[in-house]
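# Observations on the model geometry
Here is how the chains run, residue by residue.
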Protein chains: 2
Amino acid sequence: MSRIPRIVILGAGYGGIVTALRLQKELNYNEADVTLVNKHDYHYITTHLHMPAAGTDHPENARVDISKLIDEFKIDFVKSTVIEIRPQDRKVILEDGTLSYDYLVVGLGGEPETFGIPGLKEYAMNIRSINSVRLIREHIEYQFAQFKRDSSRPELLTFVVGGAGFTGIEFVGELADRVPELCREFDVDPKLVKIYNIEAAPTAMPGFDPELVQYAISVLEKKGVIFKLATAIKECTPDGVVLATGEEIKSGTVVWTGGIRGNRLLEEAGFETMRGRIKVDKTLRSTQFDNVFVIGDCSLIFNEEGRPYPPTAQIAMQQGVTCAHNLTAAIRGEPMKEFKPQIKGTVASLGKGEAIGIVGKYKLKGATAAFMKKIIDMRYLYIIGGIPLVLRKGRL
Amino acid sequence: MSRIPRIVILGAGYGGIVTALRLQKELNYNEADVTLVNKHDYHYITTHLHMPAAGTDHPENARVDISKLIDEFKIDFVKSTVIEIRPQDRKVILEDGTLSYDYLVVGLGGEPETFGIPGLKEYAMNIRSINSVRLIREHIEYQFAQFKRDSSRPELLTFVVGGAGFTGIEFVGELADRVPELCREFDVDPKLVKIYNIEAAPTAMPGFDPELVQYAISVLEKKGVIFKLATAIKECTPDGVVLATGEEIKSGTVVWTGGIRGNRLLEEAGFETMRGRIKVDKTLRSTQFDNVFVIGDCSLIFNEEGRPYPPTAQIAMQQGVTCAHNLTAAIRGEPMKEFKPQIKGTVASLGKGEAIGIVGKYKLKGATAAFMKKIIDMRYLYIIGGIPLVLRKGRL
């Protein structure tokens, strides 16, 4: 008696959740057993995390219960943490059990890349999960509360954001919006608060349209953000950061947004990786194990100019669609499709009512871009959860 | 040309604010110059502080702008911190100036009494001001956020409250109510949270009706509070508390409510004090300087059994009434009144919908007592700010 194939999806981020949703739709009953494994029983909307991190929105608006997204009659959900992947044995070791698979989808997401800068791991916080952003929010509020006990420590009101990429820029935009509110709440003079955004590259948002980047910087500077571009962080300490110039910025709060690498489990599993990301073929399969698909921040894929695509939600979601199609094809013995990313647009918010973006051939800024950002967020909610989710979590 | 007398009131707590309000009403124009000095530009409702400390109410509901209470055409308000009182020179030295007076009212409030227990000053927090309770609230939330980053530290979810007097009991009641909410907010299993209330005396709320105290303990134990009565805290450390029994309770949060003493400035000013409180005569004047009135937690006054009255809001307010009357009498050369406290009732809340109390000859508990507590709170708002303040800050 032949057994039906077992598909295990690791991670319910953008890539994993879209793969699961598409498989649920495309596969017929009894074509495969699909199991989705995730550390939490919720999916979180990573592109929204800069808001709860700054405290300008509630973390609940950045997560969705997985049980509300998938049909548990069609897909098994296991809430557990992956400890080890054994591609030779076709097994995944979980914190509390083991899963065997015929096909594996690795969508475990990224980890902060610290580029070996000493102290970042120990003393900096990251915008990477619901837990991490709640910590940042509470940490920031706690700094204000502590300052009212000991106003001889101005570093409590100094906030350092390392990295002026998308996440860094979006976070300082929100933080600058939150500061006046925190100052009112804690009776603090806003002039005492300092927000630094420090970036080693000569420009913020390297690779993005320079005119829009300039607009973003001027918007954020008007909100009080102090930029230090072309300035590397040499070290992070319990007291703040030391810059490559030797300058020390004393700060009770360092948030590092300077880079993303793939999950460490992948190297440990014996995959060939580059910064923790697995090179995949055009069908999104590992070049070493053709029953292992890799999507999202864990996958390394090059554009036509030979440069790796950035680890974005947009690409992860599109990979999920291709991945689900190719899994179905593999099971049915049909030909697979090649992954061809379509960059529809990129919008970065700069706080309330302000954003920059490129959508199609249009450059957007200000309120138009901010509106487009909300549309993109709602479109995503619609894709994964339909109208009910848009109504529950969407914001215009 | 004779100068009109100058009255300086130090502190806008219960005693000071009632004195100011009554003087404003009783004195005629040009009978005296009245100046009210306070560290903050708001008055806070100390008996309400256990709620914002636990996070069950917003700190704004526990404070009122002084400018909304006093008539600044009749009373000058100076926002400053008192550095020194020089009763011989009839001068008060402020952080940023000097005030001369003919009559002084000392209503500077109490300070935590640590009874020399090592570490309490350094590592424990106190429920004593808006700033201090915001710190406690933020500290507690930060513990939950940190626990989600490092769940190997159960002490982050252990909360120690030292002292089971009124403040301690009311605070643990609120905290026990807040915990389920925090657990939902931070995805924490409520079973991991521990609240200890530690009291050196053999009973909680020493001196209060034993039947009601027993009721309070059973209500709070049902909410999960662990009582350790007849147990002294030997030391407070960065890691928690060490008990007289030798037992160590590891805890990231220690809140000390175990005692109140008078303001340290009074000893430094040369007043004879007992635990920082100045013994006053029946007219509420210092026995050393008959132009200095002392009210509230700074004043020491004995009941008919020869025991000092407790430092309560009720007594401070009644002292304010007598003090204002006697100041007016002094200025007009009329006879002064003796202060005769009338204990109308005492109600302690035990969290949402629960309280115990004695009002007149009635023992109250449960919802009735909780309702009475709210009536008392509203009555106070009415006394200091009339109907508008009741509508703005009152809660039923």
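Residue indices follow the written sequence of each chain, beginning from 1 at its first position. As they are written, the chains are lettered A onward and the ligands numbered 1 onward, keeping that order. pLDDT decides what is reported in this predicted model: residues at 70 or higher carry local features, side-chain atom pairs at 80 or more are listed and counted, and totals for whole chains, interfaces and linings draw on all residues regardless. By convention in this description, side-chain values take in all heavy atoms of the structure and omit both hydrogens and water.

In the nomenclature of an unreviewed UniProt entry, chain A corresponds to NAD(P)/FAD-dependent oxidoreductase from the organism Paenibacillus thermoaerophilus. Recorded in UniProt under Sequence similarities (unreviewed entry), the annotation for chain A is "Belongs to the NADH dehydrogenase family." Per UniProt, chain A has the following entry under Cofactor (unreviewed entry): "FAD". UniProt positions are given in the numbering used here, feature names are shortened, and annotations may be inferred rather than shown by experiment.

### Notes on the environment of Leu 284 of chain B
Residues and elements named next belong to chain B. The topology assignment puts Leu 284 in the loop between strand 21 (277–279) and strand 22 (292–294). A simple rule labels every residue: compare its accessible area, found with a 1.4 Å probe on the protein chains alone, to the largest value its type can have, and call it buried under 20%, exposed over 50%, or partly exposed in between. Overall, Leu 284 belongs to the buried group, its relative accessible area being 0%. With 85 residues separating them along the chain, Leu 284 and Glu 199 place their C-alpha atoms 32 Å apart. We call two residues in contact when some of their heavy atoms are within 4.5 Å. Look past the residues within four positions of Leu 284 in its chain and what remains in contact with it is Val 292, Phe 293, Val 294, Ile 295, Ile 301, Gln 319, Thr 322, Cys 323 and Phe 339. Helix and strand labels come from DSSP, where a helix needs a run of H or I of at least four residues and a strand needs a run of E of at least two; each type is numbered from the N terminus.

### A look at a nonpolar patch on the surface
Patches here: salt-bridge-free residues with over 30% relative accessible area, like charges joined within 9 Å, nonpolar side chains (Val, Leu, Ile, Met, Phe, Trp, Tyr) joined within 5 Å. Each accessible area value is a Shrake-Rupley result obtained with a 1.4 Å probe; residue values ignore everything except the protein chains displayed when judging cover. Between Lys or Arg on one side and Asp or Glu on the other, a salt bridge is scored when a side-chain nitrogen of the former is within 4 Å of a carboxyl oxygen of the latter. Residues Tyr 382, Ile 383, Ile 387 and Leu 391 of chain A make up a contiguous nonpolar surface patch of about 430 Å² in total accessible area. A residue is classified by how much of its surface remains accessible, and Tyr 382 of chain A, at 48% relative accessible area, is partly exposed.

### As for the packing of aromatic side chains
In this analysis, rings of Phe, Tyr and Trp, with Trp reduced to its six-membered ring, are considered paired at centre separations within 6.5 Å, and the interplanar angle assigns stacked below 30 degrees, edge-to-face beyond 60, and tilted for intermediate values. Under the counting rule described, the total for this entry stands at 13 aromatic pairs over all chains. Measuring from centroid to centroid gives 6.0 Å for Phe 144 of chain A and Phe 186 of chain A, while their planes differ by 35 degrees, and the two rings are tilted. Pair noted here: Phe 144 of chain A is in helix 4 (residues 130–149) and Phe 186 of chain A is in helix 5 (residues 166–186), with a separation of 42 residues, a long-range link. On the basis of an interplanar angle of 15 degrees and a centroid distance of 6.0 Å, the ring pair of Phe 144 of chain B and Phe 159 of chain B is categorised as stacked. Highlighted residues: Phe 144 of chain B in helix 4 (residues 130–149) and Phe 159 of chain B in strand 12 (residues 158–162), separated in sequence by 15 residues. The class for Phe 144 of chain B is buried, based on a relative accessible area of 0%. When its relative accessible area of 1% is taken as the criterion, Phe 159 of chain B is described as buried.

### Focus on the nonpolar core
Here, nonpolar core means buried Ala, Val, Leu, Ile, Met, Phe, Trp, Tyr and Cys residues that are tied together by side-chain atoms lying within 4.5 Å of each other. Residues Phe 144 and Phe 171 of chain A together with Phe 144, Phe 171 and Ile 356 of chain B are the most contacted members of the largest nonpolar core, which totals 97 residues. Non-local contacts of Phe 171 of chain B, meaning those with residues more than four positions away in its chain, are made with His 50, Ala 53, Ala 54, Ile 127, Ile 136, Ile 140, Val 161 and Val 255 of chain B. One finds Ile 7, Ile 66, Val 82 and Leu 327 of chain B within the second-largest nonpolar core, a separate group that totals 62 residues.

### Focus on the interface of chain B and chain A
Taken residue by residue, the interface counts 21 residues in chain B and 21 residues in chain A. Both faces considered, chain B and chain A share a buried interface measuring about 1800 Å² in area, 48% of it formed by carbon and sulfur atoms. Applying the counting rule to chain B against chain A returns 6 salt bridges. In this structure, Asp 187 of chain B engages Arg 63 of chain A in a salt bridge whose closest nitrogen and oxygen atoms are separated by 2.6 Å. Throughout this description, a polar contact denotes any pair of N or O atoms lying within 3.5 Å of each other; where both atoms belong to protein, one of them has to be capable of donating a hydrogen while the other can accept it, and for residues adjacent in sequence the pair is counted only when both atoms sit in side chains. At the surface where chain B touches chain A, the tally comes to 14 residue pairs in polar contact (both at pLDDT 80 or more). Only helix 4 and helix 5 (166–186) of chain B provide two or more residues apiece to the side of chain B that touches chain A. The element contributing the most residues to the side of chain B that touches chain A is helix 4 of chain B, with 12 residues. The nonpolar class holds Ala, Val, Leu, Ile, Met, Phe, Trp, Tyr, Cys and Pro. Asp, Glu, Lys and Arg form the charged class, and all remaining residues, Gly among them, are polar. Broken down by class, the residue content of the side of chain B that touches chain A amounts to 7 nonpolar, 4 polar and 10 charged. Note: buried area is the sum, over both parts, of the accessible area (probe 1.4 Å) each one loses when the two are combined.

### Some thoughts on unusual backbone geometry
Even without being a glycine, Leu 284 of chain A presents a positive backbone phi close to 75 degrees. Notably, Met 205 of chain B is not glycine yet its phi reads approximately 40 degrees, a positive angle. Following the sequence through the fold, Met 205 of chain B ends up in the loop between strand 13 (194–198) and helix 6 (210–222).

### Things to note about the domain arrangement of chain A
When the parts come together, some accessible area is lost, and that loss is often what is quoted as the size of the interface. All names here are of chain A. Source of the domain bounds: an automatic or database domain assignment. Assigned domains of chain A: these are domain 1 (6–39 + 80–112 + 260–342) and domain 2 (115–257 + 344–396). Taking only C-alpha atoms into account, the centre of domain 1 sits 30 Å from that of domain 2. The interface is formed by 12 residues belonging to domain 1 together with 10 residues belonging to domain 2. Each partner contributes to the roughly 870 Å² buried at the junction of domain 1 and domain 2, and carbon and sulfur atoms together form 59% of this total. Its largest share of buried area at the contact with domain 2, domain 1 owes to Pro 112, Gln 314 and Met 317, together 43% of the area lost on that side. Where domain 1 touches domain 2, the interface holds 0 salt bridges. Linking domain 1 with domain 2 are 3 residue pairs in polar contact (both at pLDDT 80 or more). Secondary-structure elements contributing two or more residues to the side of domain 1 that touches domain 2 are helix 1 (14–26), strand 10 (111–112) and helix 8 (313–332). Looking at the side of domain 1 that touches domain 2 residue by residue, the classes come out as 6 nonpolar, 3 polar and 3 charged.

### Section: the side chain of Glu 111 of chain A
All names here are of chain A. With respect to the secondary-structure elements, Glu 111 resides in strand 10. By relative accessible area, Glu 111 is classed as buried at 15%. Within the local environment of Glu 111, its side chain forms a polar contact with the side chain of Arg 264, the two groups lying 2.9 Å apart.

### Thoughts on the sheet that holds strand 24 (residues 345–349) of chain A
Sheet strands pair by backbone hydrogen bonding; their relative direction is either parallel or antiparallel. Residue and element names in this part refer to chain A. Any two strands between which DSSP finds at least two bridges are classified as paired. Spatial strand order, 24-25-26: 3 strands in an open sheet with antiparallel pairing. On the outer flanks of this sheet lie strand 24 and strand 26 (362–365), each paired with one strand and no other. Each strand axis lies, on average, 5 degrees off the axis of its neighbour in the sheet, ignoring direction. Where strand 25 (residues 355–359) and strand 26 come together, 4 bridges link them in antiparallel fashion. Paired with Gly 357 across the two strands is Leu 364, which belongs to strand 26. Axis lines are fitted to C-alpha atoms, over the contacting stretch for helices. Their N-to-C directions set the angle, which ranges from 0 to 180 degrees.

### Considerations on the pattern of salt bridges
Residue and element names in this part refer to chain A. One pass over the full model with this rule turns up 46 salt bridges over all chains. The partner of Arg 178 in a salt bridge is Glu 181, and the shortest N-O contact between them spans 3.1 Å. One end of the pair, Arg 178, and the other, Glu 181, are both in helix 5, 3 residues apart, so they sit about a helical turn from each other. Among the residues examined, Arg 178 registers a relative accessible area of 9% and is labelled buried. According to the relative accessible area criterion, Glu 181 is partly exposed, its value standing at 40%.

### Some points on the UniProt feature "domain: FAD/NAD(P)-binding" (unreviewed entry) in chain A
The UniProt feature table records "domain: FAD/NAD(P)-binding" (unreviewed entry) at residues 6–320 of chain A. In this annotation, residues 6–320 of chain A is assigned 28% helix and 27% strand; the end-to-end C-alpha distance for the span is 17 Å.

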